[in-house]
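Chain by chain, the residues:
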Amino acid sequence: MDFDLSEEQSQIKDSVDRLIEDRYGDFERRQAYAKETGGWSRAVWRDYVNLGLTALPFGESEGGIGGGPLETMIVMEAIGRGLTLEPFFSTVVLGAAALRLGGTSEQRETLIPQIIAGELIIALAHGERQARYDLFDVATTAREAEGGFVLDGHKAMVLHGDSADRLIVSARTSGGRRDKSGISLFLVDAKAPGVEIHGYEGQDAQRVAEITLNGVKIGADAMLGQRGEGLGLLEHIVDIGIAALAAEAVGAMEALHLLTVDYLKTRKQFGVPIGSFQALQHRAVDMMIALEQARSMAVLAAMVANSAPGERRASISAAKVQINRSARFVGQQAIQLHGGIGMTMEYKAGHYFKRLTMIESQFGDTDYHLAKVSEAGGLLEEVA
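The notes below deal with the structure included here. Values in this document were obtained by computation on a predicted structure and should not be read as measured data.

## A short note on the overall build of the chain
At step 1: Tallying secondary structure elements over the chain gives eleven helices and ten strands in all.
At step 2: On C-alpha atoms alone, the chain measures out to a radius of gyration of 21 Å, which is about the 21 Å that the 2.2 N^0.38 rule sets for 384 residues.
At step 3: Here the C-alpha coordinates of the chain stretch approximately 80 × 60 × 40 Å along the principal axes.
At step 4: Evaluated residue by residue, the chain yields a buried proportion of 55% over its 384 residues.
At step 5: The contacts of the chain with a sequence gap of at least 6 include a subset with a gap of at least 24, amounting to 73%.
At step 6: Split by element, the accessible area of the chain, about 17,100 Å² in all, is 51% carbon and sulfur.
At step 7: In the chain, the 38 positive side-chain charges and the 51 negative ones have mean positions that sit 6 Å from each other.

Given below as structure tokens:
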């Protein structure tokens with residue numbers, strides 16, 4: 001199988017790498033962006049638009065450039081290396097996936113041009129406090145009323161929820177809290193009466209929000225996909241998200257490894273660079289091996305992101321297991337090899353570790369996804 005990038009993919013990589021290096025190469029710029037309204041830079045977001053990144057996942061007939069999971073992987077690796085703060089993941093990965101997979105023609109015609117123009121920010125509001133990582137554990141309700149629905153419930157840790165113009169909300173139209181049927185997805189105006197949003201900064205400087213829905217009225221045309229069958233749609237959106245997060249983690253691990261090796265070459269002890277000590281060289285090599293293992297599984301995740309559920313879900317979970325393990329190992333080794341400077345707020349290494357730690361728990365931790373792989377019987381077919 002040919003893993004080389006095509007000419008178009010190489011152009012995307014070169015362009016986004018230059019953009020991220022220009023806007024995030026100086027770490028102090030990231031700290032300044034985090035202090036702007038919403039915790040990210042509107043000027044950098046405009047650069048994303050001008051480069052065509054917000055049009056990446058949409059077809060040419062919709063004004064996009066027809067990129068798929070592999071193109072998204074290229075962009076997300078650069079985002080991981082730069083530790084960027086803009087809502088690309090929430091809007092162009094998760095939000096776009098929801099519209100592509102479940103949106104009506106009217107919803108797509110209205111919202112996709114706004115996303116491409118950088119005028120619309122979308123947040124996926126699905127997680128609830130009691131649910132842990134089970135997507136089917138939904139207590140938020142959607143009851144029929146006056147030709148539409150009324151939403152009541154609470155969503156936790158919604159990425160970029162305090163910047164969103166539209167929310168994609170999972171709510172139960174029928175059944176009990178942990179039933180796998182009866183879940184529907186809705187597009188909700190973030191400024192609608194009854195929507196309360198409390199934003200805050202996460203450990204990795206990404207903005208998240210707690211969102212409460214108190215009697216929020218929406219029309220029947222706000223539904224995404226089929227009524228009561230939203231779990232399958234939500235699972236596909238999240239799997240696409242995990243594939244993108246895997247690529248982001250690879251980018252962050254790659255940058256952290258290079259930063260650590262550079263430190264080993266410059267930090268001196270006993271009059272020589274500490275990188276000359278064989279034990280530390282071995283640890284740097286172990287970091288590289290973990291990185292490459294993660295990279296291979298990130299490629300697998302991107303390749304199966306749009307496959308059928310039976311083929312996709314176990315592979316995505318297996319990728320998440322390896323990404324989580326590698327992220328923890330690379331992060332811990334980097335901090336130990338740096339020593340005290342690795343934990344300072346002014347130095348980049350600790351911030352990479354924070355972001356990798358958040359990715360490790362996002363959409364399911366290692367134990368959760370390892371159980372999913374086990375339930376599926378692994379990835380290898382039985383040999384007769």
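## Considerations on the nonpolar core
At step 1: Of all hydrophobic cores here, the largest spans 101 residues; its most connected members are Tyr 48, Phe 88 and Phe 89.
At step 2: A total of 20 residues in this core trace back to one element, the largest contributor, which is helix α7 (residues 230-266).
At step 3: In terms of nonpolar packing, the next biggest core, distinct from the first, is built from 22 residues, Ala 123, Ala 125, Leu 167 and Leu 213 among them.

## Points about the pairing of strand β3 (residues 148-159)
At step 1: In this sheet, β3 lies alongside strand β2 (residues 141-145) in antiparallel orientation, the contact comprising five bridges. Looking across to β3, one finds that Arg 143 is bridged to Val 150.
At step 2: Connecting β2 to the antiparallel partner β3 that follows it, the hairpin turn spans two residues, and Glu 146 within it adopts a positive phi of roughly 55°.

## Things to note about the packing of helix α8 (residues 278-304) against helix α9 (residues 309-338)
At step 1: Remark: α8 packs on α9, axes separated minimally by 8 Å, with the N-to-C direction vectors making an angle of 155°. Of the possible angle classes, the one that applies to α8 and α9 is roughly antiparallel. Of the two elements, α8 crosses α9, and the hand of that crossing is left-handed.

## A few points about the side chain of Arg 312
At step 1: Counting through the fold element by element, Arg 312 comes out in helix α9.
At step 2: Exposure remark for Arg 312: the relative accessible area of 2% places this residue in the buried category.

## Quick notes on the packing of α7 against α9
At step 1: It is at 9 Å that the axes of α7 and α9 come closest, and there the two elements cross at 25°. The orientation of α7 relative to α9 falls into the category roughly parallel. For the pair α7 and α9, the sense of crossing is left-handed.
At step 2: Of the residues contributing to the contact of α7 with α9, the split by class is 16 nonpolar, five polar and five charged.

Rules and cut-offs
Counting of residues starts from 1 at the beginning of each chain's written sequence and follows it residue by residue. Confidence filtering applies because this is a predicted model: local features only for residues at pLDDT of at least 70, side-chain atom pairs given and counted only at 80 or more, and all residues used for totals across whole chains, interfaces and linings. Note that the side-chain values use all heavy atoms of the structure and ignore hydrogens as well as water. The secondary structure listing takes helices from DSSP runs of H or I that are at least 4 residues long and strands from runs of E that are at least 2 residues long, numbered from the N terminus. Atoms counted for the radius of gyration: C-alpha only. Globule rule: 2.2 Å times the number of residues to the power 0.38. When accessible area is computed with a 1.4 Å probe and restricted to protein chains, residues below 20% of their type maximum are described as buried, those above 50% as exposed, and intermediate ones as partly exposed. Contacts: residue pairs with any heavy atoms within 4.5 Å of one another. All accessible areas in this document rest on Shrake-Rupley with a 1.4 Å probe, and a residue is counted as covered only by the protein chains that are shown. Charged residues are defined here as Lys and Arg on the positive side and Asp and Glu on the negative side; His and the ends of the chain fall outside this count. A charged residue contributes its charge at one atom only: NZ of Lys, CZ of Arg, CG of Asp or CD of Glu. Throughout, nonpolar core names a set of buried Ala, Val, Leu, Ile, Met, Phe, Trp, Tyr and Cys residues whose side chains join them through atoms within 4.5 Å. Any two strands with at least two DSSP bridges between them are considered paired. Lines fitted to the C-alpha atoms define the axes, with helices restricted to the stretch that makes contact. Angles between their N-to-C directions range from 0 to 180 degrees. The labels follow the angle: roughly parallel below 35 degrees, roughly antiparallel above 145, roughly perpendicular from 65 to 115, and oblique for the rest. For any helix crossing, the convention is left-handed if the near helix is rotated counterclockwise from the far helix by under a right angle, and right-handed if that rotation is clockwise. Any residue that is not Ala, Val, Leu, Ile, Met, Phe, Trp, Tyr, Cys, Pro, Asp, Glu, Lys or Arg is counted as polar, Gly included; the first ten are nonpolar and the last four charged.

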